[in-house]
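# Overview (structure and organization)
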Amino acid sequence: MNKNVIVYCRVSSDEQALGGSLDFQEQSLRTYCNIKGYNIVGEPYREDYSAKNFNRPEIQKIMKFCKKNKSQVDMILFTRWDRYSRNLEYALTNIRYFKDLGIEVNATENPLDISIPENKAMLAMFLILPEIDNDKRSEATKDGIVQAWREGKCANRAPRGYINMKEGKHKKWVEIDEPKAKYIIQIFNEVAKGVESPSYIRKKLARQGFEIKESSFFDMLRNRFYIGEVFAPAYKGQEAKYVEGKHEAIINNDVFWKVQEVIDGKKKRIPKLSKCINPDLFLRKYIVCPICGCPLTGATSRGNGGQYTYYNCSKEAKHCRYRAEQANELFAKYTASLKPNETVLKLYNEILNELRLEKNGNTKQEASRLDKELQEIEVTINRVDDKFVRDEIDKSTHSRLMERYTKEKMDLQIKMDLMKTPNRSNIEPKLRYSMLLINNIDSYMRDGKVEVKCKLLSSMFPEKITFDGNSYRTNSYNKVLDLTYQQTNELRGEKIKSGESFNTFSAKVPRAGIEPAQG
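Residues numbered from 1 in each chain as written. Predicted model: local features only at pLDDT ≥ 70, side-chain atom pairs only at ≥ 80, totals over all residues. Heavy atoms only, no water.

## Looking at the sheet that holds strand E13 (residues 321–323)
- With respect to topology, 3 strands assemble into an open sheet ordered E11-E12-E13, the strand pairing being antiparallel. Two strands lie at the open edges of the sheet, namely strand E11 (296–303) and E13, each paired on one side alone. On average, adjacent strands in this sheet sit at an angle of 35 degrees to one another, irrespective of strand direction.
- Taken together, the 3 bridges between strand E12 (residues 306–313) and E13 define a ladder with antiparallel strand orientation. (Pairing = 2+ DSSP bridges. Helix = DSSP H or I, 4+ residues; strand = E, 2+ residues; numbered from the N terminus. Axes fitted to C-alpha atoms, helices over the stretch in contact; angles between N-to-C directions.)

This is the structure:
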């Protein structure tokens, strides 16, 4: 009886690369069918695909064709069982699929009559041996890949900014992809500045033609491959570690770790001192425009027979323009308003005495409780930063939440520091020095060296200061100012203005202030 047969030929990608022949299989199957008198249905199905499962295009076509035309097909024929499958479980499932359609599956080199029970053992052997061979190859491949990683080689697809290179079967390396690398370098440098959020930088680069998904973008910023390191994961008892790579780094080490600080929310956005600061414009970058919130810049110009120095908005000069001399004097007066009175200092001293008396109390238990609260607040701060980095909250919400949780954190840190300080009496002279410094702050702002002024500004004001031409305001002060300012106003009988609400005193003592170089 003539049988209608579908002919299936398969080679793996590796075999095809090494010259494995689909033509030879097809010719062998045609000769076999001629000898047996089988009728080949359609053209032979030829496939260059792995046999680890049946998600193969040609075998899927055969399955669909047989389901629609099961009465027209009697057999699926191939040369060897490992051409059909290299996985016992999947093969038996597929054989059952065709059996339910009344179609036989068989090989020309190892033909089996599966209706005979004993032949099922032979079938299992023909199918399990290729699977064992696959497992051995897979294990050897993993060993090779891990060894390559531990030698500092790139054993997989190179990240953006690099290109995989290959010569022969075994010689592989990566080279810098110059067009993409320049964007990678630009991204790292801009994120390291901490001025713009990483998400904003990603969108800005997308408008320039360098598009990358957000998740991939942050993975890229974390990838130490860019600083010349390769990650070797834990494997067969070996610990995971980073090793020096064989490739060339495109990102400077300092830049990379600054980027990590920005992403982790640890980078303080306080202006760095430049080598040369104009004494008449020392407030530049510390004060912001009342219209757009951008830092003010400044310059000196000539006119009417003299030189005149002005502050102006760095984004749009039309927003604001102030005479530097007037702005600086108003700022000195503003800092003078932060001076505490003697009563406040006495309160601080009384609190210190109370804390000394509590030294033998339940200090350890209280310190443990405060430490737990501090950890919870730090987790909350990190979550707020993560949401801002991923554009889940806007800048104003981020600032408001950060101000709130930062104040709570500082309160707890002050309490913990006082509890853990072995000799609390050392705090008192530092406190007196801080109070003395604050009492003379306007003199420093008028007559101090420009470097001292900038150090004081960075220490006193953790956030930017807004100047509208007549007055200054800020959302938060250094903790010393925060506490003393509030208590001074309360003792004077003054109401705390809206926007200047601080935490209650609650037995908190500020840390020592900075000690600027004396001019």
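## Section: the packing of aromatic side chains
- Under the criterion given, the structure shown has 19 aromatic pairs.
- Centroid distance phenylalanine 188 to tyrosine 226: 5.8 Å. Interplanar angle 55 degrees. Geometry classified as tilted. With phenylalanine 188 in helix H7 (residues 178–193) and tyrosine 226 in the loop between helix H9 (214–222) and strand E8 (229–232), this pair connects stretches of sequence that are 38 residues apart. Considered together, phenylalanine 188 and tyrosine 226 belong to a single accessibility category, that of buried residues.
- Considering the side-chain rings of phenylalanine 331 and tyrosine 334, the 6.0 Å spacing of their centres and the 45 degrees angle between planes classify their relative orientation as tilted. One end of the pair is phenylalanine 331 and the other is tyrosine 334, both in helix H11 (residues 324–336) and 3 residues apart, which spans about a single turn.
- Here a set of aromatic residues connected by ring pairs shows up, and it is made of Tyr162, Phe188, Phe225, Tyr226, Phe256 and Trp257.
- If you follow arginine 224 out to its NZ or CZ, it ends over the ring of tyrosine 242, 3.6 Å from the centre. (Phe/Tyr/Trp six-rings, centres within 6.5 Å; stacked < 30°, edge-to-face > 60°. Buried < 20%, exposed > 50% of the residue type's maximum accessible area, 1.4 Å probe, protein only. Lys NZ or Arg CZ within 6 Å of the ring centre and 35° of its normal.)

## Digging into the sheet that holds strand E14 (residues 465–467)
- Taking strand neighbours across the sheet as the criterion, the 3 strands line up as E10-E14-E15 in an open arrangement whose pairing is mixed. Bordering the open sheet on either side are strand E10 (287–288) and strand E15 (472–474), each of which pairs with just one other strand.
- Relative to E15, E14 is paired through 3 bridges, and the arrangement is antiparallel. In the strand pairing of E15, phenylalanine 467 is matched with tyrosine 472.
- The strands that H11 touches are E14 and E15; relative to E15, the one it contacts most, it runs at about 55 degrees. (Contact = heavy atoms within 4.5 Å.)

## Some words on the environment of lysine 193
- Here lysine 193 is to be found in helix H7.
- Under the relative-accessibility criterion, lysine 193 is labelled exposed at 58%.
- Between the alpha carbons of lysine 193 and valine 262 there is a distance of 8.3 Å; along the sequence they are 69 residues apart.

## What to know about the confidence of the model for the chain
- Summary statistics for the chain give a mean pLDDT of 79 and a share of 78% for residues scoring 70 or more.
- Highest mean pLDDT in the chain belongs to strand E4 (residues 75–78) (95); lowest belongs to helix H18 (residues 479–492) (52).
- For residues 269–274, every residue scores under 50 in pLDDT, and the model assigns this stretch 11 contacts once sequence neighbours within four places are set aside.
- Low confidence marks residues 495–519, where pLDDT is under 50. Its contacts with residues over four positions away, or in another chain, come to 60 contacts. (pLDDT = per-residue confidence, 0-100.)

## Structural notes on the pattern of salt bridges
- In the structure shown here, the tally under the stated rule is 21 salt bridges.
- Lysine 61 serves as the salt-bridge partner of glutamate 58, at 3.2 Å between the closest nitrogen and oxygen. Of the two residues, glutamate 58 and lysine 61 both sit in helix H3 (residues 57–68), 3 residues apart, roughly one turn of that helix.
- For lysine 61, a relative accessible area of 46% corresponds to the partly exposed category.
- Close ionic contact of glutamate 151 with lysine 153 constitutes a salt bridge, the shortest N to O distance being 3.2 Å.
- Judged by its relative accessible area of 34%, glutamate 151 falls in the partly exposed class.
- Take lysine 153: its relative accessible area is 38%, and that puts it in the partly exposed class.
- Through salt bridges with shared partners, a single ionic network connects Asp23, Glu26, Arg30, Glu43 and Arg46. (Salt bridge = Lys/Arg side-chain N within 4 Å of Asp/Glu carboxyl O.)

## Regarding the pairing of strand E3 (residues 45–48)
- Side-chain alternation along E3 places Tyr45 and Glu47 on a buried face and Arg46 and Asp48 on a face that remains uncovered.
- Across 4 bridges, the pairing between strand E1 (residues 4–11) and E3 is parallel. When the bridges of E3 are listed, cysteine 9 appears paired with arginine 46.

## Section: H9
- Among the residues making up H9, those that are buried are Phe217, Phe218, Met220 and Leu221. Looking down the long axis of H9, one finds its buried residues gathered within 155 degrees of arc, a one-sided arrangement. With respect to the buried face of H9, the exposed residues turned more than 90 degrees away are Ser215 and Asp219. (Arc of directions from axis to C-beta.)

## Examining a nonpolar patch on the surface
- Taken together, the side chains of Met122, Met125, Leu129 and Ile132 define a hydrophobic patch exposed on the protein surface, amounting to about 330 Å² of accessible area.
- For methionine 122, a relative accessible area of 34% corresponds to the partly exposed category. (Patch = residues over 30% accessible without salt bridge, like charges linked within 9 Å, V, L, I, M, F, W, Y side chains within 5 Å. Areas by Shrake-Rupley, 256 points an atom, 1.4 Å probe, with all protein chains shown as cover.)

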